[in-house]
Amino acid sequence: MKKTYLLLFIIVGLFQQTSAKEGMWIPYLLEKINASDMQAMGMRITAEDIYNVNQPSLKDAIVFFGRGCTGEIVSDKGLLLTNHHCGYGQIQKHSTIDHDYLTDGFWAMNMAEELKNPNLSARILTSMSDVTAEVLDGITDAMSQNERNDIISENAKKIIEDLEPTKFHRVDVRAFYNGNQYILMEYNVFFDVRLVGAPPSNIGKFGGDTDNWMWPRHTGDFSVFRIYANAENKACEIADNNIPYKPKQHLKISLNGYKEGDFTFIFGYPGRTQEYIPARQVEYITQTMNPFKIDLRRKKLDIMSNAMNNDKKIRIQYSAKYAGVANGWKKWIGENTGIKGNNAIAEKQEMESSFTEWANDGHKEYATVIEEYNKLIEEKIPYEMAYTYFIEAGYYQDLIKYSYSYTALINTAADMDATDEEFNQKLQAFISSTDRFYKDFNIDVDLAIFKETVRAFHSFPYEGISTPKFVETINTKYNGNTDKYAEYVYSKSVFTSKEKLVKYLNKTNRKKISKLSKDPMYNHSFDAYATYINNISPVLSSFTNKTDSLQRIYMKGLIEFNSDKTLAADANSTLRIAYGKVQAFNPRDAVKYNYFTTLKGIMQKEDPDIYDYVVMPKLKALYNERDFGKYGDTDGSMHVCFIASNHTTGGNSGSPALNANGDLIGINFDRNWEGTMSDLNYDISRCRNIMLDIRYCLFIIDKYAGAGHLVEEMTFVE
Ligand code: ARG
Ligand code: ASP
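These figures come from a predicted structure and were not determined experimentally. (Residues numbered from 1 in each chain as written. Chains lettered and ligands numbered in written order. Predicted model: local features only at pLDDT ≥ 70, side-chain atom pairs only at ≥ 80, totals over all residues. Heavy atoms only, no water.)

Let's talk about the overall build of the protein chain
For the protein chain, the helix and strand inventory stands at 26 helices and 17 strands. Here the C-alpha atoms of the protein chain give a radius of gyration of 26 Å, agreeing with the 27 Å that 2.2 N^0.38 yields for 718 residues. In terms of overall dimensions, the protein chain has C-alpha extents of about 70 × 70 × 60 Å along its principal axes. Counting the 718 residues in the protein chain, one finds 59% classified as buried. The contacts in the protein chain between residues at least 6 apart in sequence include a share of 77% that link residues at least 24 apart. A total of about 30,000 Å² of accessible surface is found on the protein chain, and carbon and sulfur atoms cover 50% of it. Of the side-chain charges in the protein chain, 82 are positive and 93 negative, and the distance between the mean point of each set is 4 Å. (Helix = DSSP H or I, 4+ residues; strand = E, 2+ residues; numbered from the N terminus. Rg over C-alpha atoms; globule rule 2.2 N^0.38 Å. Buried < 20%, exposed > 50% of the residue type's maximum accessible area, 1.4 Å probe, protein only. Contact = heavy atoms within 4.5 Å. Areas by Shrake-Rupley, 256 points an atom, 1.4 Å probe, with all protein chains shown as cover. Lys, Arg positive; Asp, Glu negative; His and termini not counted. Charge placed at Lys NZ, Arg CZ, Asp CG, Glu CD.)

As for the site of ligand 1
Taken together, His85, Lys205, Gly208, Asp209, Asn212, Trp213, Ala323, Asn327, Phe669 and Asp670 make up the full set of residues near ligand 1. Separating a nitrogen atom of ligand 1 from a backbone N or O atom of alanine 323 is a distance of 3.4 Å. Its free accessible area being 340 Å², ligand 1 has 89% of it covered by the protein chains. Counting residues per element, the ones that place at least two in the shell around ligand 1 are helix 10 (208-211), helix 12 (312-341) and strand 16 (664-671). Partitioning the shell around ligand 1 into residue classes produces 3 nonpolar, 4 polar and 3 charged. (Near = heavy atom within 4 Å. Polar contact = N/O pair within 3.5 Å; in protein donor to acceptor, adjacent residues only side chain to side chain. Nonpolar A, V, L, I, M, F, W, Y, C, P; charged D, E, K, R; others polar.)

Notes on the sheet that holds strand 17 (residues 689-693)
Within the open sheet, the 7 strands sit side by side as 12-11-15-16-17-14-13. Their pairing is antiparallel. The strands lining the two open edges of the sheet, one partner per strand, are strand 12 (576-581) and strand 13 (596-598). Across the sheet, the mean angle from the axis of one strand to that of its neighbour is 30°, orientation sign disregarded. In this sheet, strand 15 (residues 656-658) lies alongside strand 11 (residues 263-268) in antiparallel orientation, the contact comprising 2 bridges. Note that in strand 15 the partner of isoleucine 266 across the bridge is alanine 657. (Pairing = 2+ DSSP bridges. Axes fitted to C-alpha atoms, helices over the stretch in contact; angles between N-to-C directions.)

Brief notes about the site of ligand 2
Around ligand 2 sit His85, Trp213, Thr649, Gly650, Gly651, Asn652, Ser653, Phe669, Asp670 and Arg671, and that is every residue in its neighbourhood. Note that an oxygen atom of ligand 2 is positioned 2.6 Å from one of the backbone N or O atoms of glycine 651. For ligand 2, whose unbound accessible area comes to 270 Å², protein coverage reaches 91%. A total of 3 residues in the shell around ligand 2 trace back to one element, the largest contributor, which is strand 16.

Describing the state of the cysteines
Under the definition given, this model contains 1 disulfide. With its sulfur 2.1 Å from that of its partner, cysteine 69 forms a disulfide with cysteine 86. Taking the sign of the S-S torsion, about -75° here, the bridge from cysteine 69 to cysteine 86 comes out left-handed. Of this pair, cysteine 69 sits in strand 2 (residues 69-73) while cysteine 86 sits in helix 5 (residues 84-93), and the two are 17 residues apart along the sequence. (Disulfide = S-S within 2.5 Å.)

A closer look at the pattern of salt bridges
Opposite charge on two side chains allows them to pair when their charged atoms are near. What the rule picks out here adds up to 31 salt bridges. In this structure, arginine 194 and aspartate 192 form a salt bridge, with 2.7 Å as the shortest nitrogen-oxygen distance. Accessibility classification places arginine 194 together with aspartate 192 in one group, the buried group. Through salt bridges with shared partners, a single network forms among Lys59, Asp60 and Lys248. (Salt bridge = Lys/Arg side-chain N within 4 Å of Asp/Glu carboxyl O.)

Some words on the packing of helix 11 (residues 279-310) against helix 12
Packing of helix 11 against helix 12 leaves a shortest axis separation of 8 Å and a crossing angle of 155°. Overall, the two elements helix 11 and helix 12 adopt an arrangement that is roughly antiparallel. Every pair of crossing elements has a handedness; the one defined by helix 11 and helix 12 is left-handed. When its residues are assigned to classes, the contact of helix 11 with helix 12 shows 17 nonpolar, 9 polar and 8 charged. (Parallel < 35°, antiparallel > 145°, perpendicular 65-115°, else oblique. Left-handed = near helix turned anticlockwise from the far one by under 90°.)

Let's talk about the pairing of strand 2
Of all the 5 residues making up strand 2, 5 are buried; the element is thus mostly covered by neighbouring parts of the structure. Neither face of strand 2 is exposed, since Cys69, Gly71 and Ile73 on one face and Thr70 and Glu72 on the opposite face are all buried. Here 4 bridges tie strand 1 (residues 62-65) to strand 2, and the two strands are oriented antiparallel to one another. From the neighbouring strand, valine 63 faces strand 2, where its bridge partner is glycine 71. Hairpin remark: strand 1 followed by strand 2, antiparallel, with 3 residues in the connecting loop; positive phi at glycine 66, about 60°.

Notes on the packing of aromatic side chains
Counted according to the given criterion, the structure contains 45 aromatic pairs. Measuring from centroid to centroid gives 5.9 Å for tyrosine 383 and phenylalanine 543, while their planes differ by 50°, and the two rings are tilted. Separated by 160 residues along the polypeptide, tyrosine 383 in helix 14 (residues 369-395) and phenylalanine 543 in helix 22 (residues 520-561) bring together distant segments of the chain. Note on accessibility: tyrosine 383 and phenylalanine 543 belong to one class, buried. Centroid distance tyrosine 478 to tyrosine 485: 5.9 Å. Interplanar angle 75°. Geometry classified as edge-to-face. Accessibility assignment for this pair places tyrosine 478 and tyrosine 485 in one class, buried. Ring pairs connect the aromatic residues Tyr387, Phe390, Tyr404, Tyr522, Phe526, Tyr529 and Tyr532, which therefore count as one cluster. A cation sits over an aromatic face here: lysine 167 above phenylalanine 191, 4.6 Å from the ring centre. Above the ring of tyrosine 704, the side-chain terminus of lysine 618 is found at 5.7 Å from the ring centroid. (Phe/Tyr/Trp six-rings, centres within 6.5 Å; stacked < 30°, edge-to-face > 60°. Lys NZ or Arg CZ within 6 Å of the ring centre and 35° of its normal.)

Focus on helix 13 (residues 344-360)
With 17 residues, helix 13 ought to run about 24 Å at 1.5 Å a step, and its terminal C-alpha atoms sit 24 Å apart, in line with that. Of the residues making up helix 13, those classed as buried are Ala344, Ile345, Lys348, Glu352, Phe355, Trp358 and Ala359. Projected onto a plane normal to the axis of helix 13, the buried residues spread over an arc of 135° and lie on a single side. Exposed and oriented more than 90 degrees from the buried face of helix 13 are Glu347, Glu350 and Glu357. In the core, the buried residues of helix 13 are packed alongside helix 11, helix 12, helix 14 and helix 22. (Expected span 1.5 Å × (residues − 1). Arc of directions from axis to C-beta.)

Some points on helix 5
By the criterion of burial, helix 5 is predominantly enclosed, with 7 of the 10 residues buried. Where helix 5 is concerned, the buried positions are His84, Cys86, Gly87, Tyr88, Gln90, Ile91 and Gln92.

Some points on empty space enclosed by the protein
Over the atoms a probe the size of a water molecule is rolled, and this reveals where empty space is left. The final tally for this structure, using the stated rule, is 4 cavities of 30 Å³ or more. For the largest cavity, the calculated volume is near 60 Å³. If you go around the largest cavity, the residues you meet are Ala386, Tyr389, Phe390, Phe457, Phe460, Tyr462, Pro468, Ala528, Thr531, Tyr532 and Ile536. Of all the elements in the fold, those that place two or more residues in the lining of the largest cavity are helix 14 and helix 22. Here the lining of the largest cavity takes 4 residues from helix 22, the largest share from any one element. (1 Å grid on protein atoms, 1.4 Å probe; cavity = no way out; pocket = protein on both sides within 12 Å on 5 of 7 lines; lining within 4 Å. Points joined across faces, edges and corners; volume = space filled by probe spheres on them.)

Topic: a positive patch on the surface
Together, Lys503, Lys507, Lys512, Lys515 and Lys518 line one region of the surface with positive charge. Checked against the element boundaries, lysine 512 lands in the loop between helix 21 (498-507) and helix 22. Given a relative accessible area of 38%, lysine 512 falls into the partly exposed group. (Patch = residues over 30% accessible without salt bridge, like charges linked within 9 Å, V, L, I, M, F, W, Y side chains within 5 Å.)

Fair warning: the whole summary comes from geometry, so function is off the table for now.
Written out as structure tokens, the structure reads:
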């Protein structure tokens, strides 16, 4: 207990002046840690304007959107802005060949036309507070990580239960600084979030995957949603008679733009960073894991893009899947280049040597932590790689994942406690799931990808890890020929077409369903999952415990070792603030990139033969007539995107970019390629976040799409 308080003291006591701008900061600690620094950099509002639990503050307008993006509320009728790529899944789900909202865009001209989205939610933080002492109550240093985890989850459970969580009132206790600090968070969770508008892809995704992760950028990456609540303005399920949610506060918009050097901040939900892991782990990530993933994903992308270029239906079916695969693929390439270019591994090693020297000199509890950690990393690498193979070659393959989901049906049939009625209901649910799954499924594309994943699985060196059964089958029955095996699976399985599967399911019953486990596709998935569940996952989780323990001790040591500055906690999908300045940069020798782009650049990139670079005649006409309305810059141009030195990561997409007064000037959506290593090693000279200029967003809504009624809902500052 004493130790716990000491540590709290260390963390809270460490709040000296911050000078580095790197980091994603915790809203309720802003006043203590960052406010004076932010003000010195130009901010004109207070920490309380940003985060306050008693009064409306900016935080009331910030939303955790969907499965991992951010959004912001911009009207008193719950109107929400996020990225086009964050709403992409929803836009895609509402799209068909006849209503191709991906290609043509979508605009609800009144509330009745807004489209409901099952499976989409919006979460708004209501409060956060430190609960470290309560969570660590009863913990001693002598405990194993397992014992520690048990007590922590017991304590956290108590704290959470006392607050009576419901589906609409979410309560989390989350670890910060790798388990050195715990923070309690409460949220309202809204389940009625409707699609209001989306620009056509050649605006919202202009430049597509070619320009993705790159600056200079010209992507109009936004989409518009609206949060609905019940008659009491409370979070609820989707219902026709719900009304637009009235937030405690919505963001005001500034059309005044920015200049180089202006203060900005990003308020949102960064997902995951690993700034404090050892050099050896960074080396493993960039030199072993990333190359495998990059290679397999490149193969998947080639298969999809060939098919998409030749067939409009396949383009719609695979656009969201393609974007997902491509996004990671390109990011990791950038990450590897950045880590190398920055000499990050050697620098980390050097820092680790000084750390150990410091530890030996009066901080003995940290003297062996790096050595032990490095040993552990060597031991766990084969399992981490096996896991990576499973995820990339198994889990991320449509038919493997889908066919495996039928395990739940087979298990229900065998479950003595389940009634026939329960089984039949489940069976019906699986029958209707076929509509959703096969809408976006093409057998040729899927088989080609399956072949690549089987090849990858087959090539994995299973030393010490038991091999999936199908790998033996390939060796004994197919002479090692993975393609022949794949073709056999697809020729015999009922999963390869909706018709076959539905026919099968309509004829089956509780007694017969176990036969499905003989289906070669199901069998394949089952083997892949079984290897993971039985042989990889248990070993990995014992490693995870050891890693967590060493990382927690190492992190605590790093905080003490760096006692002259405040280290920001790694991102963990909780609400954070990153701040910096609008700033140009030099990506390489003799090259300087300006800090904003304009519509002129879109006209320069235009190529009518490439889907991602098509420019619609209407946009061209507006450009030619310089008809920018109130959205043009004083320099006479239409700004499209801009960059700043805010430390952001995945999850920050859709986050508001705010100026010194806390007014909305942009929507964050990406980073520069030279800087994607920032998740492992942030460097202000190379790393920029990329934002859509709010003026371009409104120009598209108002002048291009003619949806000015949405702009009228918003509040503008002078
Ligand atoms: N790179 C951005 C982020 O990580 C945008 C991704 C979506 N765009 C795309 N072309 N795939 O999410
Ligand atoms: N594009 C990312 C996102 O979707 C943001 C980033 O990684 O910079 O959250």
